[in-house]
Amino acid sequence: MNSSYLTLRSPGSDEFVINKSRFIGYASPVETEEEALSFLQKIRTKHRDASHNCYAYTIGKNMGIMRYSDDGEPSGTAGLPMMEVIKREAVCNCCVVVTRYFGGVLLGAGGLLRAYTQGASVALKASGIVEMVPSVSVLCEVSYSLWDRVQHRLQSMPVQIVNPEFTTAVSFSLLIREKDLEAVSADLVSITESRITMLEDSHTDMAWDI
């Protein structure tokens, strides 16, 4: 069983202004270094007139690949602080780009460090951090007479309900953390008096809110 890890839900961005300099933080989930570089190029193209497009990204559940760049800012004031934010949040498989439009006022090394730290932080927040957990999809079916009882119990269970279909019976899929599978299955069997059909369909890492 693979261990869980944190990553980003979806691409996101946010921005702010410090002493007339505009900072735009972007973040996106990525699976490979090629995807990270493609995301970086997309932002560079979008902001080709910006003063700087600094970046940091990690690849692998254990952050086996870590890259960052100051993109012309003083050494250690941009890419590294951004990477420290990623490491602090323990987010894997993500790319963060902070774009700066210089406003004419020098921020100094300390000011830049704080600005790029903030840029990475707002980008991660905008993207949303989720936990990827080993999970299983279970195909279920119950009679209409049991559906209300089952649906009510599912609302308090650690599951995600997918695609309920109402034909001759009620069929639906449940996404369940592998560690919760035994308890959830036993509970559903109990409340239906064994009148539920449950079939494990597939195993994968699924996103769960933290």
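Quantities reported herein were computed from a predicted structural model and do not represent experimental measurements. (Residues numbered from 1 in each chain as written. Predicted model: local features only at pLDDT ≥ 70, side-chain atom pairs only at ≥ 80, totals over all residues. Heavy atoms only, no water.)

What follows is about the confidence of the model for the chain. Averaged over all residues, the pLDDT of the chain equals 94, while 99% of them reach at least 70. Element-level pLDDT for the chain is lowest in strand β10 (residues 197–209), with a mean of 86, against a maximum mean of 98 in strand β6 (residues 94–101). (pLDDT = per-residue confidence, 0-100. Helix = DSSP H or I, 4+ residues; strand = E, 2+ residues; numbered from the N terminus.)

Interhelical geometry of helix α4 (residues 144–154) versus helix α5 (residues 181–191) gives an angle of 150 degrees and a closest axis separation of 10 Å. The orientation of α4 with respect to α5, classified from their angle, is roughly antiparallel. For the pair α4 and α5, the sense of crossing is right-handed. Counting all contacts with α4, which are made through R149, V150, R153 and L154, the residues of α5 involved are D187, L188 and I191. Per-class residue counts for the contact of α4 with α5 are four nonpolar, no polar and three charged. (Axes fitted to C-alpha atoms, helices over the stretch in contact; angles between N-to-C directions. Parallel < 35°, antiparallel > 145°, perpendicular 65-115°, else oblique. Left-handed = near helix turned anticlockwise from the far one by under 90°. Contact = heavy atoms within 4.5 Å. Nonpolar A, V, L, I, M, F, W, Y, C, P; charged D, E, K, R; others polar.)

Here the focus is the pattern of salt bridges. One pass over the structure, following the stated rule, counts ten salt bridges. Residues R100 and E73 are paired through a salt bridge, measuring 2.9 Å at the closest nitrogen-oxygen approach. Taken as a pair, R100 in strand β6 and E73 in the loop between β5 (65–69) and α2 (79–89) lie far apart in primary sequence, 27 residues in all. In this structure, R100 and E73 share a single accessibility class: buried. For D180, the salt bridge is made with K179, and the minimal N-O distance between the two is 3.5 Å. By relative accessible area, K179 is classed as exposed at 63%. Here the salt bridges share partners, and the residues they tie into one network are R177, K179 and D180. (Salt bridge = Lys/Arg side-chain N within 4 Å of Asp/Glu carboxyl O. Buried < 20%, exposed > 50% of the residue type's maximum accessible area, 1.4 Å probe, protein only.)

Once that is clear, we can look at the sheet that holds strand β4 (residues 52–59). Across the sheet, five strands lie side by side as β2-β3-β6-β4-β5; this open sheet has antiparallel pairing. The strands lining the two open edges of the sheet, one partner per strand, are β2 (12–18) and β5. Across the sheet, the axes of successive neighbouring strands diverge by a mean angle of 10 degrees, strand direction being ignored. Summarising the sheet, β2 and strand β3 (residues 21–29) pair through seven bridges and their orientation is antiparallel. Considered in β3, the bridge of I18 is made with S21. Strands β3, β4, β5 and β6 of the sheet are contacted by helix α1 (residues 33–46), whose axis makes an angle of about 165 degrees with β4. Against the sheet, α2 contacts β4, β5 and β6, and its axis sits at roughly 35 degrees relative to β4. (Pairing = 2+ DSSP bridges.)

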